Amino acid sequence: MKREAYRSLRNISREEPLGPGGSLCAGCGGLLALRLFHKALGENVIFVNAAGCFSLLALFPFTPLRSSWLYTAMACAPAGAQGIRDALDILRERGKLAPAADRKVVVVTGDGAAQDIGLQSTMAAIHRGLDFYYFCYDNEAYANTGFQTSASTPYGSRTATAPITPAFPLGVVQQRRDLFEIWRVQKPPYVATVSAADPLDLSEKVYRASKLSGPKLFIALSPCPPGWEAEPEKSVELARLAVETGIWPLKEAVYGQVSHTKVPRRFKPVEEYLASQGRFRHLFEPKRNDEAIARIQAAVEKYWKAVSDAVAPQEPLSNEAVG
Amino acid sequence: MARALLTGNSAAAWAARLAEVDYVPAFPITPQTEIVETLARWIHTGEIQARMVTMDSEHSMLAAAGAAAATGARVFTATSSQGLVYGFEMLYVLAGLRAPLVLVNVSRALSHPITLEPDHNDVLAARDTGFLQFHAESCQEVLDSILMAYRLAEHERVLLPAIVNLDGFYLSFTREAVEIPEPADVKSFLPGFEPAYPHLSGPAPLALGAAVLDPALYTFFKYQMHHATENALALYPEIAAEFAGRFGRRYGMIEEFMLDDADYVIVMTNSFASMGKAEVKRLRREGKKIGLARLRLIRPFPHREIQRVLRGRKGAAVIDQNISVGKGGILFSEIASALYGLPDRPPALLSFIGGLGGRRFRPEEFDGILARLEAPPESPEEIARPYLLFSDEECRDVGRYFSVASGEEKSHEA
Ligand code: SF4
């Protein structure tokens, strides 16, 4: 991706629309990504939230946000966004809202709401062509409730509902469901994956999306110290490793057309990423599970082979994981 | 003022039109569909300026409705039965947001077994949510109640959403003569919507629906809602009087039918009260001192009005067109709680269940109810129990269905 607006870190706004002092965990990767996302979006934002970790961003009487906020319920943040967008449009038509005072409507949910209980309302909003942003902080589980398995949870990881026992040595055996592809299927103007470890790529994507009208959807891989069992200071490093190992491809789809915005020159082995998280520890201790690690590696390689063959991957990365 | 033959559903649509609603999120369910279809037609012909959006479920529909109201639009929506309970979570959310919109519910009994005709387990399930509730008997009352509901809901001392209920089929699809008020008159009763409360399109950033972790805060906000319903109760007579002055139709919280010298009172709600009134008239002709009280305002619950209307009577029978399985009639319990402690409460207060799934009342059932009120049961068991109205003939019919179902008897079609 040739970046137009964000060539160096100096291009990133020094304004902090999402200030410090919230009640989320230290080192929350999702919050880092949201902070960058909000900087790139600018002012006049209304967030519409579904139940999840980020619901604590408005904890009466405090919020670290300088923008507006509406918490709905778990299943229906995109429907809430529809109501707000429509009401803003109506008020503009009636001359009750100056164009300069118009707002950007931004859904913010975790992967549980995005993938499971809120998927229907999201697909409907995309279908209606709602002019909104969707920011999904994908911590790959139901983190707020104590890290239970979601449809985003990767193969071979441990969650609170997939504990490691002799009978179940792998943890989660399902394949991670590819939300990017699910969203892309209706060919909305913009879908992208982003990483807090790559602020320029993230910001440029927000900039590109801002020029398009309609659904603009983002998934940020969100290292989650308590759930991933990693030290808070490791979050950026984990986010970077996910990209460098090829596990988290940075890409965008403009009206359904996919392009990868950052292809690592040389991929690091997935092991580096896996071994630094407690949720994958059972793949290495007490006995190394070579087969599972090789499977994850093979799936990544297959994905990127398809990319380098210049063919849009027919099968998303995660579905390969079980093999 | 125009007079037209309107169904209950089109009367509801007319009210939304006259209220100049900005926004109508919708999802289809029988028997509500005619309301949104009518509004859709008017939007498409340009007769009204509202915007409609068809959502993916009632849950989403209510989310969009609440969010739009919280952004400063006048919102109208409608549902029924399964739709209401599918969106149930959002009823609490909308009331908690203090979003003053109007939701029409076209009552239909809840599955299982799935059916189409009305009873009130759907709408009464919403009684604890914080929605105001008006229950209508006639098509005219549907139209008028919606206009009054907006006035009350949007009042800065109330700011709660409202449900206006009408019975599916019996009212939704029944045509009656309805006075359609002049738009200019409606406008002076219900001016264009200018939200006085902070909303999301206002100049300052606003966080709505923020979490609370202190139980005292949670309690505070819930009590605020309760106090708002008390304000609604205090404001209602004013608004009803203004409505009567302008349109000539007076609506109490309770409609009092032949109550002046009545010793015995039947309490009912909604369209089936028309059947009750016909029976009361007949019994009056037979010399019985009986009347009917029809509850129009269910939330806030008009305790004082209940007391005024029922105190000093010899007996009252509450006919609930709902069943709280394992308890009995929902409104019976509420009415009993309003009367308990009054020294001159009716010595006989009995509970009857009827009208479930649209079951019609039989004239002889009213004779039976009156007979029971005149000679009330004395055993503790009999006083507290709900009487489940059902006839011998229905028993025989059900028996026949079962023998057909089990193959013992051939149906007529076979
Ligand atoms: S549990 Fe994870 S995702 Fe949730 S706030 Fe904490 S770090 Fe962030």
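Note that the coordinates shown come from a computational prediction; the quantities given were computed from them, not determined experimentally.

**Q** Outline the overall build of chain A, supporting the account with residue identities and numerical values.
**A** Helix and strand content of chain A: 10 helices and 8 strands. With the C-alpha coordinates of chain A rotated into their principal frame, the extents come out at 70 × 45 × 40 Å. Counting across all 323 residues of chain A, residues that qualify as buried make up 59%. Within chain A, the 33 negative side-chain charges are centred at a point lying 5 Å from the centre of the 38 positive side-chain charges.

**Q** Describe the overall build of chain B, listing the residues and the values that go with them.
**A** Within chain B one finds 15 helices and 16 strands. The C-alpha radius of gyration computed for chain B amounts to 22 Å, which stays within 12% of the reference 22 Å derived for 414 residues, consistent with globular compactness. Projected onto its principal axes, the C-alpha coordinates of chain B cover approximately 65 × 60 × 50 Å. Sorting the 414 residues of chain B into buried and exposed places 57% on the buried side. Once local pairs closer than 6 in sequence are excluded, the contacts in chain B between residues at least 24 apart make up 81%. Element-wise, carbon and sulfur atoms account for 55% of the exposed surface of chain B, whose accessible area totals about 17100 Å².

**Q** Kindly report on the sheet that holds strand β13 (residues 297–299) of chain B, identifying the contributing residues and their values.
**A** Residue and element names in this part refer to chain B. The 5 strands lie next to each other as β4-β5-β7-β6-β13, forming an open sheet whose pairing is mixed. Whereas interior strands pair on both sides, the edge strands pair on one side only; in this sheet they are β4 (76–79) and β13. Across this sheet, the average inter-strand angle for adjacent strands is 25 degrees, counted without regard to direction. Examined bridge by bridge, strand β6 (residues 132–135) and β13 share 2 bridges and lie antiparallel to one another. When the bridges of β13 are listed, Phe134 appears paired with Leu297.

**Q** Account for the domain arrangement of chain B, with residues named and values stated.
**A** All names here are of chain B. Per the domain assignment, the segments of chain B are domain 1 (2–197 + 205–247) and domain 2 (255–395). Its C-alpha centre places domain 1 at a distance of 28 Å from the equivalent point of domain 2. The interface of domain 1 with domain 2 comprises 28 residues on the first partner and 29 residues on the second. Between domain 1 and domain 2, roughly 2300 Å² of surface is buried when both sides are summed, and carbon and sulfur atoms account for 50% of that area. The largest per-residue losses of area from domain 1 upon contact with domain 2 belong to Arg127, Glu137 and Tyr170, which jointly make up 28% of the total buried on that side. There are 5 salt bridges connecting domain 1 and domain 2. A salt bridge links Arg127 to Glu334, with the nearest nitrogen and oxygen atoms 2.8 Å apart.

**Q** I'd like a rundown of the site of the ligand, residues and numbers included.
**A** Near the ligand you find A:Leu24, A:Cys25, A:Cys28, A:Cys53, A:Asn139, A:Ala143, A:Cys224, A:Pro225 and A:Pro226, and these make up its full shell. Its residues assigned to classes, the shell around the ligand shows 8 nonpolar, 1 polar and no charged.

**Q** Let's hear about the packing of helix α1 (residues 8–18) of chain B against helix α7 (residues 139–154) of chain B: which residues, and what values?
**A** For any two helices packed against each other, one specifies the inter-axial angle together with the distance between the axes. All names here are of chain B. At a minimum axis distance of 8 Å, the contact between α1 and α7 shows a crossing angle of 25 degrees. One element, α1, and the other, α7, form an angle in the roughly parallel class. Classified by chirality, the crossing of α7 by α1 is right-handed. Judged by residue contacts, Gly8, Ala11, Ala12, Trp14, Ala15 and Leu18 of α1 engage Cys139, Val142, Leu143, Ile146 and Leu147 from α7. A breakdown of the residues in the contact of α1 with α7 according to their chemical character gives 10 nonpolar, 1 polar and no charged.

**Q** Just give me the short version of the interface of chain A and chain B, but keep the residues and values in it.
**A** Listed per partner, the contact involves 36 residues of chain A and 41 residues of chain B. Overall, the association of chain A and chain B removes approximately 2900 Å² of surface from exposure, summing both partners, and the carbon and sulfur fraction of that is 61%. The largest share of the area that chain A buries against chain B comes from A:Phe60, A:Leu70 and A:Ile90, three residues that together contribute 17% of it. Inspection of the chain A/chain B interface yields 5 salt bridges. Between B:Asp22 and A:Arg94 there is a salt bridge, and its shortest N-O distance comes to 2.9 Å. Taken together, the links from chain A to chain B amount to 13 residue pairs in polar contact (both at pLDDT 80 or more). Only β2 (68–71), α2 (77–93) and α4 (119–127) of chain A provide two or more residues apiece to the side of chain A that touches chain B.

**Q** So, a nonpolar patch on the surface: which residues are in play, and what are the values?
**A** All names here are of chain B. A grouping of Phe390, Val398, Tyr401 and Phe402 is seen on the molecular surface, where their side chains present a nonpolar patch of about 480 Å² in accessible area. By the element assignment, Val398 lies in helix α15 (residues 392–405). Residue classification places Val398 among the partly exposed residues on the basis of a relative accessible area of 32%.

**Q** Mind laying out the packing of α7(B) against helix α9 (residues 215–247) of chain B, listing which residues take part and the relevant values?
**A** All names here are of chain B. Closest axis-to-axis distance for the α7/α9 pair is 10 Å, and the angle between their directions is 130 degrees. With respect to each other, α7 and α9 are oriented oblique. Handedness of the crossing formed by α7 with α9: right-handed. Residues Asp144, Leu147, Met148, Arg151 and Leu152 of α7 lie in contact with α9, whose contacting residues are Ala232, Leu235, Tyr236, Ile239, Ala240, Glu242 and Phe243.

**Q** How would you explain helix α5 (residues 88–97) of chain B if you had to name every residue and give the values?
**A** An α-helix turns once every 3.6 residues. As a result, residues three or four positions apart point the same way. For α5(B), the set of buried residues is B:Met90, B:Leu91, B:Val93, B:Leu94, B:Ala95 and B:Leu97. Tucked inside the fold, the buried residues of α5(B) contact β2 of chain A together with α3 (58–71), α4 (81–86), β5 (102–107), β9 (207–208) and α9 of chain B. Count one or two residues on from α5(B) and you reach B:Arg98, which has phi positive near 60 degrees.

**Q** Can you tell me about the sheet that holds strand β15 (residues 348–353) of chain B, naming the residues and giving the values?
**A** Residue and element names in this part refer to chain B. Ordered in space as β10-β12-β11-β14-β15-β16, the 6 strands form an open sheet in which the pairing is mixed. Two strands in the sheet have a free side with no partner beyond their single neighbour: β10 (254–257) and β16 (386–388). Taken over all neighbouring pairs, the strand axes of this sheet differ in orientation by 25 degrees on average, direction set aside. Bridge count between strand β11 (residues 264–269) and strand β12 (residues 290–295): 6 bridges; the pairing is parallel. Paired with Tyr264 across the strands is Ile290, a residue of β12. Its contacts with the sheet put helix α11 (residues 303–310) on β10, β11, β12 and β14 (315–320), and the angle it makes with β10 is roughly 10 degrees. In this fold helix α13 (residues 363–374) packs onto β11, β12, β14, β15 and β16, with an angle of close to 130 degrees to the strand it touches most, β11.

**Q** So what about α1(B)? Which residues, and what values?
**A** Summarising burial for α1(B): 10 of the 11 residues are buried, a large majority. Among all positions of α1(B), only B:Gly8, B:Asn9, B:Ser10, B:Ala11, B:Ala12, B:Ala13, B:Trp14, B:Ala15, B:Ala16 and B:Leu18 are buried.

Each value, and the rule that gives it
- Residues numbered from 1 in each chain as written.
- Chains lettered and ligands numbered in written order.
- Predicted model: local features only at pLDDT ≥ 70, side-chain atom pairs only at ≥ 80, totals over all residues.
- Heavy atoms only, no water.
- Helix = DSSP H or I, 4+ residues; strand = E, 2+ residues; numbered from the N terminus.
- Buried < 20%, exposed > 50% of the residue type's maximum accessible area, 1.4 Å probe, protein only.
- Lys, Arg positive; Asp, Glu negative; His and termini not counted.
- Charge placed at Lys NZ, Arg CZ, Asp CG, Glu CD.
- Rg over C-alpha atoms; globule rule 2.2 N^0.38 Å.
- Contact = heavy atoms within 4.5 Å.
- Areas by Shrake-Rupley, 256 points an atom, 1.4 Å probe, with all protein chains shown as cover.
- Pairing = 2+ DSSP bridges.
- Axes fitted to C-alpha atoms, helices over the stretch in contact; angles between N-to-C directions.
- Domains from an automatic or database assignment.
- Buried area = accessible area lost by both parts, 1.4 Å probe.
- Salt bridge = Lys/Arg side-chain N within 4 Å of Asp/Glu carboxyl O.
- Near = heavy atom within 4 Å.
- Nonpolar A, V, L, I, M, F, W, Y, C, P; charged D, E, K, R; others polar.
- Parallel < 35°, antiparallel > 145°, perpendicular 65-115°, else oblique.
- Left-handed = near helix turned anticlockwise from the far one by under 90°.
- Polar contact = N/O pair within 3.5 Å; in protein donor to acceptor, adjacent residues only side chain to side chain.
- Patch = residues over 30% accessible without salt bridge, like charges linked within 9 Å, V, L, I, M, F, W, Y side chains within 5 Å.

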